[in-house]
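Fold and contact review
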Amino acid sequence: MSLLKRIERGEAAPGATKSTSRSRPPLSRPGNTPRGTLADLKTRVQQRLLAELDPTLDISQADEVRRTINDLFEQILQEEKIVLSRPERHRLFEAISAEILGFGPLQPLLDDEAITEIMVNGPKHVYVERHGKIEKASVAFEDNEHVMRIIERIVAPLGRRVDESSPYVDARLPDGSRVNIVIPPISLVGPVITIRKFFKTPLTVQDLINFGSITTEAMQFLEACVKARLNIIISGGTGSGKTTLLNILSGFIPAEERIVTIENAAELQLRQEHVITLESRPPNIEGKGEVTIRHLVINALRMRPDRIIVGEVRGAEALDMLQAMNTGHEGSMTTVHSNSPRDTLSRLETMTMMAGMELPVRAIREQIASAIDLVVHQSRMRDGTRKVVAITEIAGMEGDVISMTDLFTFRHGGYRDGKVFGQLVPTGLRPKFMDKIEAAGIHLPASVFGIGKRH
């Protein structure tokens, strides 16, 4: 998209106008110190810069545009005799570049790899999560309109919209980071943006082991389960690392299989070649054209998938996901919000009832027990770390109750110096589905399950 179109849509810098170089505003009197704060100077330099930039520049060629901006920036400072220290000059240039090419005040936070979450509560209150702890960021927006311009820049390329008639939306950034947006009148503090960042380089199995999120033995077992086409639910609370683990487990799927992924906002980063990514769609301004997760799950069954991966099951699509797992799509995976493995099954029951089929509870539980082989439960600890705290087998029905067997559980070692100590340990029990794993040609040593070991 050309720079001129960006400016006309309000996507360029705050205060940007379609003025020409003949009517450019003066920055300061020659020889004098620039008026106002660095923020005022930024707006004035920005206005002049946008006035002198070629409007036909292709904004998608970021490196070329950045070089052009830098040349003009240096020229403007020299012409106007604006004297800045090197740190101030660098900070001013980066802020202006972010407004034109990036996401404004959010850009330095997005570039900081130590930050895992960004929370904008109106224009003046921006918080970040760093190393599992929330702290206030040093950046701020000018006003609500400035926040809305950045929101428009996020959602416009995705064909999404957010306005008074549809005041909240799920979206994603080009790097796959998840974005949730809520604006007035729903939000009373101004536009709210919540960004769950993804690592620029996706985490690996070894990263999770090094972080202490899971043990080598547990990961070896999960790899065998994926390759043996067992149906897996990854459960946990908000921000517990479910999607990250789903991404890693999906990496064990053989490359020759056809995979269909279904998400509200596409964020899974599968490395296989034969992957079809489907994304739900909200209704248009007339209230039509909505495509739900449930629609996509039903449609995916006609696409000859070997496996279906649903980013998150939240409602009536739970019934269709269970049906898919029970009708030849073994090895499918999804995530569910819950507080424990047992709670995961209760939530699946509730969501299945939301489909409105009026099925008896026992029939629903039989579907769950038949469809799901394994629940992997994650938790976010008090110190901000994410750990797998239970790997539980769904062993079948006992009367009217679904039988569950813990294969790995987290043994707490206490809380010292602000850190949680403990480890995921095997219970010494072998799963009933071991024959499926061995039928796939995978032979796990007994030590994986703690047999022959003392804890």
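Above this text you will find the structure in question.
Residues numbered from 1 in each chain as written. Predicted model: local features only at pLDDT ≥ 70, side-chain atom pairs only at ≥ 80, totals over all residues. Heavy atoms only, no water.

1. Here's the deal with the pairing of strand S9 (residues 275-279)
Residues Ile276 and Leu278 line the buried face of S9, whereas the alternating positions Val275, Thr277 and Glu279 sit on a face that is not buried. Judged from the 5 bridges that link them, strand S8 (residues 259-263) and S9 form a sheet pairing that is parallel. Within S9, the residue paired with Thr261 across the bridge is Thr277. (Buried < 20%, exposed > 50% of the residue type's maximum accessible area, 1.4 Å probe, protein only. Helix = DSSP H or I, 4+ residues; strand = E, 2+ residues; numbered from the N terminus. Pairing = 2+ DSSP bridges.)

2. Topic: the pairing of strand S15 (residues 419-426)
Of the strand pairs in this sheet, strand S14 (residues 401-416) and S15 are connected by 8 bridges, and their pairing is antiparallel. Note that in S15 the partner of His412 across the bridge is Gly422. Taken together, S14 and the strand that follows it, S15, pair antiparallel across an intervening segment of 2 residues, in which Asp417 is found at a positive phi of about 55°.

3. Some details on the packing of aromatic side chains
Counted according to the given criterion, the structure contains 3 aromatic pairs. Ring geometry for Phe221 against Phe408: centres 5.7 Å apart, planes inclined by 35°, an arrangement best described as tilted. Pair noted here: Phe221 is in helix H8 (residues 216-227) and Phe408 is in strand S14, with a separation of 187 residues, a long-range link. The same class applies to Phe221 as to Phe408, namely buried. When the centroid spacing of 6.2 Å and the interplanar angle of 15° are considered together, the rings of Phe221 and Phe433 count as stacked. With Phe221 in helix H8 and Phe433 in the loop between S15 and helix H14 (434-439), the pair connects residues that are 212 residues apart, well separated along the chain. Look at Phe221 and you get buried, because its relative accessible area is 0%. Judged by its relative accessible area of 5%, Phe433 falls in the buried class. Among the aromatic residues, ring-to-ring pairing joins Phe221, Phe408, Phe433 and Phe449 into one connected group. The ring of Tyr415 has Arg382 sitting right over it, with the charged end atom 3.8 Å from the ring centre. (Phe/Tyr/Trp six-rings, centres within 6.5 Å; stacked < 30°, edge-to-face > 60°. Lys NZ or Arg CZ within 6 Å of the ring centre and 35° of its normal.)

4. With respect to the nonpolar core
The nonpolar side chains of a soluble globular protein tend to be buried, and buried together. In this structure, Ile214, Phe221, Leu249, Leu374, Ile391 and Ile437 are the most contacted members of the largest nonpolar core, which totals 40 residues. Secondary structure elements with two or more residues in this core: helix H7 (205-211), H8, strand S7 (232-236), helix H9 (242-250), strand S12 (374-380), strand S13 (386-398), S14 and H14. Ile233, Ala318, Val375 and Ile402 belong to the second largest nonpolar core, which has 31 residues in total. (Core = buried A, V, L, I, M, F, W, Y, C linked by side-chain atoms within 4.5 Å.)

5. Things to note about the pattern of salt bridges
All told, the structure shown has 21 salt bridges when counted by the stated rule. Taken together, the shared-partner salt bridges connect Asp112, Arg130 and Glu135 into one network. (Salt bridge = Lys/Arg side-chain N within 4 Å of Asp/Glu carboxyl O.)

6. Focus: the sheet that holds S8
Strands in a sheet are paired, the pairing made by backbone hydrogen bonds, and the direction either parallel or antiparallel. Here we have 9 strands laid out as an open sheet, ordered S9-S8-S10-S11-S7-S12-S13-S14-S15, and mixed in their pairing. The open sheet is flanked by S9 and S15, the only strands paired with a single partner. For this sheet, the mean angle separating the axes of adjacent strands, direction not counted, is 25°. Bridging between S8 and strand S10 (residues 307-310) involves 4 bridges; their strand directions are parallel. When the bridges of S10 are listed, Ile259 appears paired with Arg307. H9 rests against S7, S10, strand S11 (333-337), S12 and S13 of the sheet, and its axis sits at about 170° to S11. The strands that helix H11 (residues 317-326) touches are S7, S10 and S11; relative to S10, the one it contacts most, it runs at about 155°. (Axes fitted to C-alpha atoms, helices over the stretch in contact; angles between N-to-C directions. Contact = heavy atoms within 4.5 Å.)

7. Focus on the side chain of Ser280
Examined against the element boundaries, Ser280 turns out to sit in the loop between S9 and helix H10 (293-300). Not counting residues up to four positions away in its chain, the partners in contact with Ser280 are Arg160, Glu263, Asn264, Val291, Thr292, Ile293 and Leu296.

8. Comments concerning the sheet that holds strand S6 (residues 192-196)
The strand order S3-S2-S1-S6-S5-S4 describes an open sheet built from 6 strands, whose pairing is antiparallel. Edge positions in the open sheet fall to strand S3 (133-136) and strand S4 (168-172), since each of these has one partner strand only. Geometrically, the sheet is characterised by an average inter-axis angle of 20° between neighbouring strands, direction not taken into account. Here strand S2 (residues 126-130) pairs with S3 via 4 bridges, running antiparallel. Counted as the bridge partner of Val128 is Glu135 from S3.

9. Some remarks on the packing of helix H12 (residues 341-353) against helix H13 (residues 361-371)
Between H12 and H13, the shortest axis-to-axis distance is 10 Å and the interhelical angle comes to 120°. With respect to H13, the axis of H12 lies oblique. As for the relative orientation of H12 and H13, their crossing is right-handed in sense. Where H12 approaches H13, its residues Leu345, Leu348, Glu349, Thr352 and Met353 are matched on the opposing element by Val361, Ile364, Arg365 and Ile368. (Parallel < 35°, antiparallel > 145°, perpendicular 65-115°, else oblique. Left-handed = near helix turned anticlockwise from the far one by under 90°.)

10. Section: the environment of Val45
Along the chain, the position of Val45 falls in helix H2 (residues 38-52). A residue is classified by how much of its surface remains accessible, and Val45, at 0% relative accessible area, is buried. Between the alpha carbons of Val45 and Phe73 there is a distance of 7.8 Å; along the sequence they are 28 residues apart.

11. Structural notes on the packing of H10 against H11
Running from amino to carboxyl end, H10 crosses H11 at an angle of 20°, the nearest separation of the two axes being 8 Å. The angle between the axes of H10 and H11 places the two elements in the roughly parallel class. For the pair H10 and H11, the sense of crossing is left-handed. Of the residues in H11, those touching H10 at Ile293, Arg294, Val297 and Ile298 are Glu317, Leu319, Asp320 and Met321.

Shape is all these values report; function is a separate question.
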